[in-house]
Amino acid sequence: MTTIVPTTEEDPTLVVVRFVSELAWADAGAEVAEPEVMRLCVEAQECMVRGRWLDLASLILTSADLIFHKVADKDLECIYSFICNLVTKSEDPDEVLEIVKLIAGSLSQKPTEKPALRVKILFILYNLLEDAYSKFYVYLKALQLALSGSVTEHVTPSLKTIDTFLNEWNIEVQDQRQLFLTISKILKENKSSAKDWFSFTAKYLATFSGDDTDVMSEAKEDAAHAVLEFVKAPDMFQCDLLDMPVVQQLEKDSQHSVVFELLKIFSTDKLDAYLEIHAANAAALESYGLVHEDCVAKMRMLSLVDLAANGSGQIPYALIKETLQINDDEVELWVLKAISAKLFDCKMDQMNQVVIVKRYIERTFGQKQWENIRTKLATWRANISNVVSTIQADKAVEGIAQGVQGLAVR
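Once a new chain begins, its residue numbering starts again from 1 and follows that chain's sequence as written. Totals for whole chains, interfaces and linings use every residue, but because this is a predicted model, local features are given only for residues with pLDDT of at least 70 and side-chain atom pairs only at 80 or more, for both listing and counting. For the side-chain quantities, the full set of heavy atoms in the structure was used; hydrogens and water were omitted.

Draft legend 1. Just the overall build of the chain, in detail. Helix and strand definitions here come from DSSP, where helices need a minimum of 4 consecutive H or I residues and strands a minimum of 2 consecutive E residues; each element is numbered from the N-terminal end. A tally of regular secondary structure across the chain gives 18 helices and three strands. Computation of the radius of gyration draws on C-alpha atoms alone. For the globule rule, the value is 2.2 Å times the number of residues to the power 0.38. Computed over C-alpha atoms, the radius of gyration of the chain comes to 32 Å, more than 25% over the 22 Å expected from 2.2 N^0.38 for 410 residues, which places it beyond the range of a compact globule. In terms of its C-alpha atoms, the chain occupies a principal-axis envelope of roughly 105 × 90 × 40 Å. Residue burial in the chain is summarised as follows: out of 410 residues, 41% are buried. In the chain, the proportion of contacts linking residues at least 24 apart, taken out of those at least 6 apart, comes to 62%. Entry remark: accessible area of the chain is about 22,400 Å², with carbon and sulfur atoms responsible for 51%. Counting rule applied: Lys, Arg positive; Asp, Glu negative; His and chain ends not counted. The location of each charge is read from NZ of Lys, CZ of Arg, CG of Asp or CD of Glu. Separation between the mean location of the 41 positive side-chain charges and that of the 61 negative ones in the chain comes to 6 Å. Exposure is judged per residue with a 1.4 Å probe applied to protein chains only, and the accessible area is read against the type maximum: over 50% gives exposed, under 20% gives buried, and values in between give partly exposed. The contact definition used throughout considers only heavy atoms, calling two residues in contact when any of these lie within 4.5 Å. Note on areas: these come from Shrake-Rupley sampling with a 1.4 Å probe, and a residue is covered only by the protein chains present in the view.

Draft legend 2. Broad picture of the packing of aromatic side chains. Stacked, edge-to-face and tilted labels apply to pairs of Phe, Tyr and Trp rings (six-membered ring for Trp) whose centres lie within 6.5 Å, assigned for plane angles under 30 degrees, over 60, and everything in between, in that order. On inspection of all chains with the given rule, the structure shows 13 aromatic pairs. A centroid spacing of 5.6 Å and a plane angle of 75 degrees characterise the contact between Phe68 and Tyr80, whose relative ring orientation is edge-to-face. Of this pair, Phe68 sits in the loop between helix 3 (53-67) and helix 4 (73-84) while Tyr80 sits in helix 4, placing them twelve residues apart in sequence. Each member of the pair, Phe68 together with Tyr80, is buried. When the centroid spacing of 5.3 Å and the interplanar angle of 45 degrees are considered together, the rings of Tyr139 and Trp169 count as tilted. Residue Tyr139 is found in helix 7 (residues 132-148), and its partner Trp169 is found in helix 8 (residues 162-169); the two are separated by 30 residues along the sequence. Here Tyr139 and Trp169 have matching classes, each one buried. For a Lys NZ or an Arg CZ to count as sitting over a ring, it must be within 6 Å of the ring centre and within 35 degrees of the ring normal. Sitting over the face of the ring of Phe68, Arg118 holds its NZ or CZ atom 4.0 Å from the ring centroid. The cationic tip of Lys203 hangs over the ring face of Phe200; the distance from NZ or CZ to the ring centre is 4.8 Å.

Draft legend 3. A look at a negative patch on the surface. A cluster of acidic residues, Asp92, Asp94, Glu98 and Asp131, forms a negative patch on the protein surface. Here Asp131 is to be found in the loop between helix 6 (115-128) and helix 7. Assessed through its relative accessible area of 32%, Asp131 is described here as partly exposed. The patches reported here contain residues having more than 30% relative accessible area and no salt bridge. Joining distances are 9 Å for like charges and 5 Å for nonpolar side chains (Val, Leu, Ile, Met, Phe, Trp, Tyr). Each reported salt bridge corresponds to a side-chain nitrogen of Lys or Arg within 4 Å of a carboxyl oxygen of Asp or Glu.

Draft legend 4. Quick look at a nonpolar patch on the surface. On the surface, Leu377, Trp380, Ile384 and Val388 cluster together to form a nonpolar patch covering roughly 410 Å² of accessible area. Among the secondary structure elements, Val388 is positioned in helix 18 (residues 367-409). With relative accessibility at 40%, the residue Val388 sits in the partly exposed group.

Draft legend 5. Looking closely at the environment of Thr268. Mapped onto the elements, Thr268 comes out in helix 13 (residues 257-268). The sequence separation of Thr268 and Gln353 amounts to 85 residues, and the corresponding C-alpha distance is 26 Å. When near neighbours in sequence (up to four residues on either side) are disregarded, Thr268 contacts Leu242, Asp306 and Arg363. Each polar contact in these results corresponds to two N or O atoms within 3.5 Å; when the atoms are within protein, one needs to be able to donate a hydrogen and the other to accept it, and residues that are neighboring in sequence are counted only if both atoms are side-chain atoms. Among the polar contacts made by the side chain of Thr268, one reaches the main-chain carbonyl oxygen of Lys264 at a distance of 2.7 Å.

Okay, structure coming up:
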């Protein structure tokens with residue numbers, strides 16, 4: 001990073017003001033430029049004396065904006081570092097936030113002009129801040145700028161620590177909504193994994209509650225897109241979209257009702273239900289970009305999970321053949337596919353023609369699953385209590401026996 005070294009006793013900030021002003025007015029000629037540069041320096045000094053840091057930031061940014069396109073990146077980084085440093089001068093959190101908004105707004109005006117540098121400057125600003133909301137604001141602006149300037153690769157590494165950031169910022173639901181939507185767009189632009197994109201899109205959709213009926217319609221297309229991407233993904237078998245109010249609105253929407261029916265099938269039902277909806281809506285499903293053979297394969301895997309969840313721990317080969325609509329010699333192949341996908345853990349008893357299930361995943365995790373956990377915990381607690389009671393009773397009996405033995409010896 002270039003450092004502007006003052007060669008006089010003039011305050012470093014005034015050196016920056018003079019440097020930027022002279023560049024901004026360079027094309028106007030000396031007669032016009034010199035008075036203007038002097039005026040700006042005087043105004044800057046007055047702002048510093050009176051502690052008007054917001055006005056000082058505005059003054060420098062006005063000139064900095066004019067020279068952004070014609071100054072070397074290293075010089076711009078130095079200039080904006082001085083401007084960003086003004087947030088450390090003010091002791092008023094409200095003024096700091098206003099300075100932050102001013103700088104971020106200035107950098108966001110032309111996102112396609114040196115976008116990587118603009119993002120870098122915003123991260124410099126972020127690291128100078130202490131206020132949690134100001135940090136969130138700058139980070140969000142950096143994401144949005146990177147998206148608009150097509151330099152998302154400069155921000156995607158930071159997404160790995162987003163949970164830590166959220167704990168630090170403690171932001172409101174509306175801010176979380178905006179953040180998750182922006183991240184979702186970045187991951188799509190950056191062609192990241194479908195699972196990562198789906199995860200943040202689901203987080204975005206989860207920010208809508210049943211009370212948000214006036215704004216849920218704005219997320220209708222995102223909800224439908226998320227459902228279709230889940231259905232298409234060959235390696236995603238768990239989905240919690242079904243109970244979200246923003247997704248449930250699709251059920252009564254004439255354009256997306258079929259999409260909602262698909263979600264219900266891929267979340268809770270088996271292959272025969274999918275084949276039924278496909279028979280009635282083949283053209284519509286194809287228009288969504290769904291490949292029938294891929295959907296059948298995925299539903300066979302999900303049907304196996306359903307059999308594991310609703311059985312007694314054993315699944316007959318014959319039931320698998322019937323449910324998956326396959327041949328006898330394909331049963332073990334599909335079981336092995338499910339094991340490879342980590343959908344369940346099991347053993348195949350070829351002698352008795354059954355699959356013995358040890359563990360399986362939950363296709364959805366809602367109220368029913370929480371109730372199952374509550375029941376299991378209650379059972380576990382009761383078993384532990386019985387063990388403790390038995391141990392205590394054994395100790396009591398042992399103590400009595402020892403006492404009786406002692407009396408006999410006497």
